[in-house]
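Overview (structure and organization)
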Amino acid sequence: MRLRHAFGLTLAAATAVLGLPGPAVAGPTAEAGTTIHVNNSGDRACSDRGPGTFAQPYCTISAAAAVVEPGQTVRIWPGRNYRESVRITRSGTPDRPITFLGVPDGNPADRDHPTVEAATSGYTPVALTGVHDVVLDGLRFNGTLALTDTTRVSVDRSVFSVVGLVPAVTVGGSGDTITVSRNFFDGTMGGIDVRPGSRNVLVTANDFRQVHGVGLNATDTADLAVTNNTFTFACPTGVAVNGDSPRAVVKNNITTAAGAFADPTCRKPAFSVSAEAAVTAVLDYNTVHPAPGGSSYAWAGSTYGTPAEFAAATGQGGHDLDLALRFGGNYHDRLDNTDPASAGAVDSGDPTAPGVGTDLRGQAYIDHPGVANTDGSTRDRGAHELTGLDLSTVDLLGGDGSGTPLTVRAEVRFGSSLFPSWPNTYTVDFGDGSEPVSSSNGLVVHTYPAVGSYDVRAVATDQRGGRAPSRAVRLTLADPGTIGADLAATNYGWPYSYKFRATLPAPWNTSLYSIDFGDGTPPSGQLGGETAHSYRAAGTYNVTCTSKDRNGAVLVLDKRVQVEFDPARAVLQPGERVQLLARTPTALLNSGAHYGWGAWAPFTPAGHPAIARPFAEQDITASALATTGDQEAHNLVASNGRVHIADRLIQPGHWEKVGWWVTDGRWSAWGEVTSPGAAGPLPGAPRQLAAVAMGRKLQVLALVDGHVQQATADYERGTWSPWSDVTAASGLPPATRIAASAVGNTLHIVALGPDGHVRDAAGDYDRGTWGSGDPTPVIGLPGAAVTDLSAATTGSTLRIVAIAGGRLHQADADYAAGRWSGWDDLTAATDGDSTADRVAAVAIGNKLHLYTLGGGVLRDATGDYDLGSWSRWGDVTATAGAPALTELAVAAA
């Protein structure tokens, strides 16, 4: 199982003007019967019984997929998301393919792709099995797209956003002639996984932006071509060609492990090619830029840091370059126009490399007048062809948005930033099924005959063929008297941050609006879009939005906003905080505490809320929790002999993907540690789990038949180690309970033996050795049989907390001073009671936080070693409303 570990930029536009062509009236673009429409937005009276026309579309993609014939196009319009499991089983022919079309102009930066996501659980909303001659174009996939035993299938101009430790696209079975082109992989957990048996696979002009797994991972794949892709800001390998994969071609790709959001400790190579594949593979015309000390290539078992070293040793990569590239503009990972290093990647690609003839956004390869061509090439490296034009915008002018038919005027604007470039063609798609309209002056008139919501897009094209596509502008037409106005307020950050969006009755007429936030701060005025504001305190605020259209009409909207303290957000803020993984007999729950804010989050189900768990809660036999240095809380459970893991991002939300706020505390889907692709199966069912974070490595311990088994998740390399027997390696006797903590680079496993002794096994990662010892002769026994124990580290001191006779006891190993302390009665020190059945300890700085369960009640107390005092016990069950718990695991966050 692969492990895992993104930002949009904007650019101002200049204005193009003048002239007004005649009106274009909406009408169908295709012959009757060639297009089947799907639209669940509510603007049409959709029905899965058909007929699938523009006026009465299907509600679901599945309904259209069940009736589509060769040569037809299923036009999928943006809606409320298509939450369904689409299984495509009908085929086209080589000259009459079946097409599923979303965004028609193929601009993956556009946020209005129709989205397909699984209806209930699982990762695969769309699957094609045993079909041929099918095109998927201009869609967004929230989950894995699975292609199995398919032939002549194309996946083009789409966006992938996948949650979970799974690839975004899988090609399996006997796949043949598969093209994955011009797609945007938006921080997905994995990229493209081509499994054994496939052949003739072309992966070209895709943008892999901070993909957490391997970008393109192909095994035993004949005639693979990987060309003109961009892999940015991600640590894992960009391209991995594994096993017997003859005649692989890897050319014109951009890879970098550097950049504003890169991991400076990344050591993964950009390109990895197996010994079998290296015999016939060709790798050239790529750019690399590893992190300091990292490698760029892994070729036939050897690694190379620079293109020069690689070329000298292998004869490959003679045209490869090490370029510290920057990315900018309105396009996600397009080269920065102002970056001198970009010149090396411009007009220097191999023009004969396989591809689809354009870049990610449909831009043909054109000559850059400011850069000398390499070997006569006009083809840039990477997924983006650099042109003089930047993103277009489209302005809509018309009536008040009510009543039809309604005539509007589209005014197309563009940006030109690199060298003088002026569009000579402006094309507007009005989003109603009519033929796109072109003009030579940027102004187009169009008449809408029916009410509804329409996504309007434009493309400006210059004399050299440079294109500047726009993002969509949503136009809503309503019957007279039905159009409304609203001011929406959404809490997006901590502690009291809100974003406001005004919905106005004439969106194309609004030139300016301002918002008075009701807290005495100056109003904020701007052109459209969202406005963010942070309040200083909780309370009720009267917010007023004043808008003015181009005719001078004024509209005032009022909103009453209740700003409240949110404990669930508080526990995700930096500071003295913990995360809890707790169990009842039938539930697995998550909570957390922030001691600086004095907040406990409510107990809620652990895991991604929209993805089912691969285990039943009542079958869980053990759990563990640890947080690595990247602020990922790793939640582990054992069930039916298997170990599962789900990660939670423990940090405040952040801006990402051009102004979209990512919610705090995101969960991954559950993966399996004991799967063959991760650590592999255990020799038996684990009785107990423990977990320790050491930087970006996660040490997972499982107690199986008295032996401690260990597996390591290396988040820097993106790999799992196989299980190893620590009991055998350290000489530790069989154990009945375990706890673990780290002191520096040494992993300590505290084990309770059948004889009642508490022993310590130490794995020294600096020396690469294991050892164990029994401190009982020095520290004695706590006076009664130990029934549970935990361990945590403050500074260089390992602190062991045990329950003996229902009371808490503590013993310390001070490794700096080289001595053990005897057992102290913590129950007496904390003025506690004797109802503890389970204990968990976690250290934050020089404080030790204790959590106990007794009679199902969760309590906590804190020992401050700077002050030399303990707090009184708090009743977490009462504070956070916890149910009666039976087990818990705790980690500092």
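The structure reproduced in this document is the subject of the present report. (Residues numbered from 1 in each chain as written. Predicted model: local features only at pLDDT ≥ 70, side-chain atom pairs only at ≥ 80, totals over all residues. Heavy atoms only, no water.)

**Side note on the sheet that holds strand β20 (residues 216-219)**
In sheet architecture, strand pairing relies on hydrogen bonds along the backbone and comes in two forms, parallel and antiparallel. Within the open sheet, the 10 strands sit side by side as β5-β8-β11-β14-β17-β20-β23-β26-β29-β30. Their pairing is mixed. What marks the edges here is a single partner per strand, and that holds for β5 (86-88) and β30 (302-304). The sheet shows a mean angle of 10° between the axes of neighbouring strands, direction not considered. Pairing geometry for β20 and strand β23 (residues 239-242), over four bridges, is parallel. Bridge pairing links Asn-217 to Ala-240 in β23. (Pairing = 2+ DSSP bridges. Helix = DSSP H or I, 4+ residues; strand = E, 2+ residues; numbered from the N terminus. Axes fitted to C-alpha atoms, helices over the stretch in contact; angles between N-to-C directions.)

**Regarding the environment of Arg-666**
Tracing the sequence through the fold places Arg-666 in the loop between β55 (660-662) and β56 (671-672). Considering only alpha carbons, one finds Arg-666 and Pro-609, 57 residues apart in sequence, at a separation of 9.9 Å.

**Looking at the pattern of salt bridges**
Evaluated as defined, the whole model comprises 22 salt bridges. Residues Arg-737 and Asp-788 are paired through a salt bridge, measuring 2.7 Å at the closest nitrogen-oxygen approach. Taken as a pair, Arg-737 in strand β62 (residues 737-743) and Asp-788 in strand β66 (residues 786-794) lie far apart in primary sequence, 51 residues in all. The buried category is assigned to Asp-788, whose relative accessible area is 1%. (Salt bridge = Lys/Arg side-chain N within 4 Å of Asp/Glu carboxyl O. Buried < 20%, exposed > 50% of the residue type's maximum accessible area, 1.4 Å probe, protein only.)

**Quick look at the pairing of β66**
Each regular strand shows side chains that alternate between the opposite faces of the sheet. Taking burial as the measure, the nine residues of β66 include eight buried ones, the bulk of the element. The pairing of β66 with strand β67 (residues 797-804) spans eight bridges and is antiparallel. In the strand pairing of β67, Ala-791 is matched with Ile-800. Where β66 folds back on β67, the antiparallel hairpin that results is connected by two residues, among which Gly-795 adopts a positive phi of roughly 60°.

**Quick look at the nonpolar core**
Grouped together as the largest cluster of nonpolar side chains are 63 residues, with contacts concentrated most on Phe-100, Leu-128, Leu-136, Leu-145, Phe-185, Ile-192 and Leu-216. When residues in this core are grouped by element, the largest group, four residues, is from helix α1 (residues 61-65). Once residues within four sequence positions are removed from consideration, Leu-145 is found in contact with Val-126, Leu-128, Leu-136, Val-155, Phe-160, Ala-168, Val-169 and Thr-170. One finds Val-673, Leu-682, Ala-691 and Val-704 within the second-largest nonpolar core, a separate group that totals 22 residues. (Core = buried A, V, L, I, M, F, W, Y, C linked by side-chain atoms within 4.5 Å. Contact = heavy atoms within 4.5 Å.)

**Thoughts on the side chain of Thr-674**
Here Thr-674 lies in the loop between β56 and β57 (688-694). Thr-674 gets classed as buried once you look at its relative accessible area, which sits at 6%. A distance of 3.1 Å separates a polar atom in the side chain of Thr-674 from the backbone nitrogen of Val-643. Here Glu-672 takes part through its side chain, which lies 2.7 Å from a polar atom of the side chain of Thr-674. Once you skip the residues sitting within four places of it in the chain, Thr-674 turns out to touch Arg-642, Val-643, Gly-680, Pro-681, Leu-682 and Trp-723. (Polar contact = N/O pair within 3.5 Å; in protein donor to acceptor, adjacent residues only side chain to side chain.)

**Focus on the side chain of Gln-709**
Positionally, Gln-709 belongs in strand β59 (residues 707-714). Of the residues examined, Gln-709 reaches a relative accessible area of 8% and is grouped as buried. Discounting chain neighbours no more than four positions away, the residues touching Gln-709 are Leu-682, Pro-683, Val-700, Leu-701, Ala-702, Val-704, Trp-723, Ser-724 and Asp-725.

**A closer look at the state of the cysteines**
Applying the stated criterion to the full structure yields one disulfide. Through a disulfide, Cys-46 is tied to Cys-59; the S-S separation comes to 2.1 Å. Taking the sign of the S-S torsion, 100° for the link of Cys-46 and Cys-59, the bridge is right-handed. Remark: Cys-59 occurs in the loop between β2 (35-38) and α1 and Cys-46 occurs in the loop between β2 and α1; sequence separation between them is 13 residues. (Disulfide = S-S within 2.5 Å.)

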